[in-house]
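# Residue-level structure breakdown
The chain contents come next:
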Amino acid sequence: LEDVLDFAVKAGEELGNLQNREERRSYLEQKIRAMADEAGRLAGELSEARREAAWSLAQRVNGELSDLGMPWAKFEVSLIQEERSDGLPTPRGRLFYNQYGIDRVGFLGVTNPGEPLKPLAEIASGGETSRFMLAVKTALSRADSVPTLVFDEIDMGVGGRSAHVVGKKLAALAQDRQVLCITHLPQIACYGHNHYRVRKDVASGRAVSRIELLDGASRVEELAAMLGSNAAGVMVESAEELLRLARETAAEQAAQGM
């Protein structure tokens, strides 16, 4: 009997919908328009906030790029809106939209003076891409929650003076996340909490890659070798000085909460 009564209720609801379908259709269309207008208003507010954040981010990233030895480099966030007849109604007309809003977001850059801005994927080399990413991650260090960052060839075209800046920024990022960096510059390697040496040996006629954790004297020797020679006393002293400066920098950054 309960099943019969449930069926009667559902059948009555269905019959009511059929008998009043025009009124219900008009009601639903009105509700859809109201929701679309509200979505358009919210999307517009999001777009304005995004434009302000994009400008602020670009300013901070460009400052970081200058520190990283790329004074001619420029970073910009592109926000493009596309008109569509079936788009979301906004004060600017009907615009394409998806779950992220009404903006198509892109990252643009230029590495040499006199060149136009282009998508980063088209203009940056491997090392330049790593430095662009380091600049972005440094600018977003307090907001970005990515737990692990990998930087490869970040030292391409970087001199000793700029390498120290790169090392300090990597060390600052490593205060609250894992940073993996492949480098050939001792001025960067000295800032790592852990230092690994990767080498390739030949065993039984085959090349075998080996990775070794360096510590204490072995790390000093490797840094000296990266400087030029592990046999020269001056290089060993320079390597020890690099490690001392790196430890002091790490202590300062920890004290400042960087």
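Chains are numbered independently. Their residues run from 1 in the order of the written sequence. pLDDT decides what is reported in this predicted model: residues at 70 or higher carry local features, side-chain atom pairs at 80 or more are listed and counted, and totals for whole chains, interfaces and linings draw on all residues regardless. Calculation of side-chain values draws on the structure's entire complement of heavy atoms; hydrogens and water are dropped beforehand.

Further remarks concern the overall build of the protein. To qualify as a helix, a DSSP run of H or I must reach at least 4 residues; to qualify as a strand, a run of E must reach at least 2; elements of each kind are numbered from the N terminus. Within the protein, the secondary structure is distributed over eight helices and nine strands. For 258 residues, the compact-globule estimate of 2.2 N^0.38 gives 18 Å, and the C-alpha radius of gyration of the protein, at 29 Å, exceeds that figure by more than 25%. When its C-alpha atoms are laid out on the principal axes, the protein stretches across 95 × 60 × 45 Å. Every one of the 258 residues in the protein was classed for burial, and the buried ones make up 31%. In this setup the radius of gyration rests on C-alpha atoms only. A globule is expected at 2.2 Å times the number of residues raised to 0.38. Buried, partly exposed and exposed residues are distinguished by accessible area as a fraction of the type maximum, computed with a 1.4 Å probe on protein chains only: under 20%, between the cut-offs, and over 50%, respectively.

Attention now goes to helix 2 (residues 21-67). With 47 residues, helix 2 extends 67 Å from end C-alpha to end C-alpha; this agrees with the ideal 69 Å at 1.5 Å per step. Burial in helix 2 covers these residues: Gly 40, Ala 43, Ser 47, Ala 54, Leu 57, Ala 58, Val 61, Asn 62, Glu 64 and Leu 65. Any helix carries an expected span of 1.5 Å times its number of residues minus one.

With that out of the way, let us pick up the sheet that holds strand 1 (residues 74-80). Strand-to-strand pairing in sheets goes through backbone hydrogen bonds, with the strands running parallel or antiparallel. Two strands pair under a simple rule: DSSP has to find at least two bridges between them. Read from one edge of the open sheet, three strands run 1-4-5, paired in antiparallel fashion. A strand with exactly one partner marks an edge of an open sheet, and here the two such strands are strand 1 and strand 5 (118-119). Alignment of strand 4 (residues 104-110) against strand 5, held across two bridges, turns out to be antiparallel. Of the residues in strand 5, the one forming a bridge with Gly 109 is Lys 118.

Moving on, we come to the pairing of strand 6 (residues 148-152). Because side chains alternate across strand 6, one face comprises the buried residues Leu 149 and Phe 151, and the other comprises Thr 148, Val 150 and Asp 152, none of which is buried. In this sheet, strand 7 (residues 178-182) lies alongside strand 6 in parallel orientation, the contact comprising five bridges. Within strand 7, the position partnered with Phe 151 by the bridge is Cys 181.

Burial of nonpolar side chains together is a common tendency in soluble globular proteins. Residues enter a nonpolar core if they are buried and are Ala, Val, Leu, Ile, Met, Phe, Trp, Tyr or Cys, with the set joined through side-chain atoms within 4.5 Å. Residues Val 61, Leu 65, Phe 75, Leu 134 and Val 166 are the most contacted members of the largest nonpolar core, which totals 27 residues. Contributing elements (two or more residues each) for this core: helix 2, strand 1, helix 4 (126-139), strand 6 and helix 5 (160-173). Of all hydrophobic cores here, the second largest spans eleven residues; its members include Cys 190, Tyr 191, Leu 223 and Ala 239.

Here a salt bridge means any side-chain nitrogen of Lys or Arg lying within 4 Å of a carboxyl oxygen belonging to Asp or Glu. Under the counting rule described, the total for this entry stands at 17 salt bridges. One salt bridge in this structure joins Arg 25 and Glu 29, with 3.2 Å as the shortest N-O distance. On the criterion of helical spacing, the pair formed by Arg 25 and Glu 29 is a turn pair, its members being four residues apart in helix 2. The salt bridge partner of Asp 201 is Arg 199, with a shortest N-O separation of 3.6 Å. Assessed through its relative accessible area of 23%, Asp 201 is described here as partly exposed. Of the residues examined, Arg 199 reaches a relative accessible area of 43% and is grouped as partly exposed. Beyond isolated ion pairs, a larger network of salt bridges with shared partners links Glu 38, Arg 41 and Glu 45.

Before going further, it helps to spend a moment on the packing of aromatic side chains. Each aromatic pair joins two rings of Phe, Tyr and Trp (for Trp, the six-membered one) with centres within 6.5 Å, and gets the label stacked for planes under 30 degrees apart, edge-to-face for over 60, and tilted for any other angle. Tallying each qualifying case throughout the model produces one aromatic pair. Summarising the aromatic geometry, the rings of Phe 75 and Phe 107 are spaced 5.6 Å apart at their centres and angled 35° between planes, so their arrangement reads as tilted. Pair noted here: Phe 75 is in strand 1 and Phe 107 is in strand 4, with a separation of 32 residues, a long-range link. By relative accessible area, which is 2% here, Phe 75 ends up buried. Classification of Phe 107 as partly exposed rests on a relative accessible area of 45%. The rule for a charge over a ring is simple: NZ of Lys or CZ of Arg within 6 Å of the ring centre, and within 35 degrees of the ring normal. One Lys or Arg, Arg 104, reaches over the ring of Phe 96 and ends 4.1 Å from the middle of that ring.

Considering only enclosed or pocket space, the largest pocket measures out at about 810 Å³ in volume. Buriedness for pockets is judged along seven lines, at least five of which must meet protein on both sides within 12 Å for an open set on the 1 Å grid over protein atoms alone, while cavities are sets there where a 1.4 Å probe fits but cannot get out, and lining residues have an atom within 4 Å of a point. In this structure, the largest pocket is lined by 25 residues; those nearest its centre are Cys 181, Ile 182, Asn 194, His 195 and Tyr 196. Here the element with the most residues in the lining of the largest pocket is strand 7; it accounts for five residues. Grid points are joined across faces, edges and corners, and a volume is the space filled by probe spheres set on the points.

Before going further, it helps to spend a moment on the packing of helix 7 (residues 217-227) against helix 8 (residues 233-256). In this analysis an axis means a line fitted to C-alpha atoms, helices contributing only their contacting stretch, and an angle means the value between N-to-C directions, from 0 to 180 degrees. With their axes 8 Å apart at the nearest point, helix 7 and helix 8 run at an angle of 115° to one another. What the angle tells us is that helix 7 and helix 8 run roughly perpendicular. In terms of crossing hand, the pair formed by helix 7 and helix 8 is right-handed. Of the residues in helix 8, those in contact with Arg 219, Val 220, Leu 223, Ala 224 and Leu 227 of helix 7 are Met 235, Val 236, Ser 238, Ala 239, Glu 240, Leu 242 and Leu 243. Basically, the charged four are Asp, Glu, Lys and Arg, the nonpolar ten are Ala, Val, Leu, Ile, Met, Phe, Trp, Tyr, Cys and Pro, and anything else, Gly included, counts as polar. Per-class residue counts for the contact of helix 7 with helix 8 are nine nonpolar, one polar and two charged. The labels follow the angle: roughly parallel below 35 degrees, roughly antiparallel above 145, roughly perpendicular from 65 to 115, and oblique for the rest. Note on convention: near helix rotated counterclockwise from far helix by under a right angle means a left-handed crossing. Clockwise means right-handed. Contact definition: two residues touch when any of their heavy atoms are within 4.5 Å.

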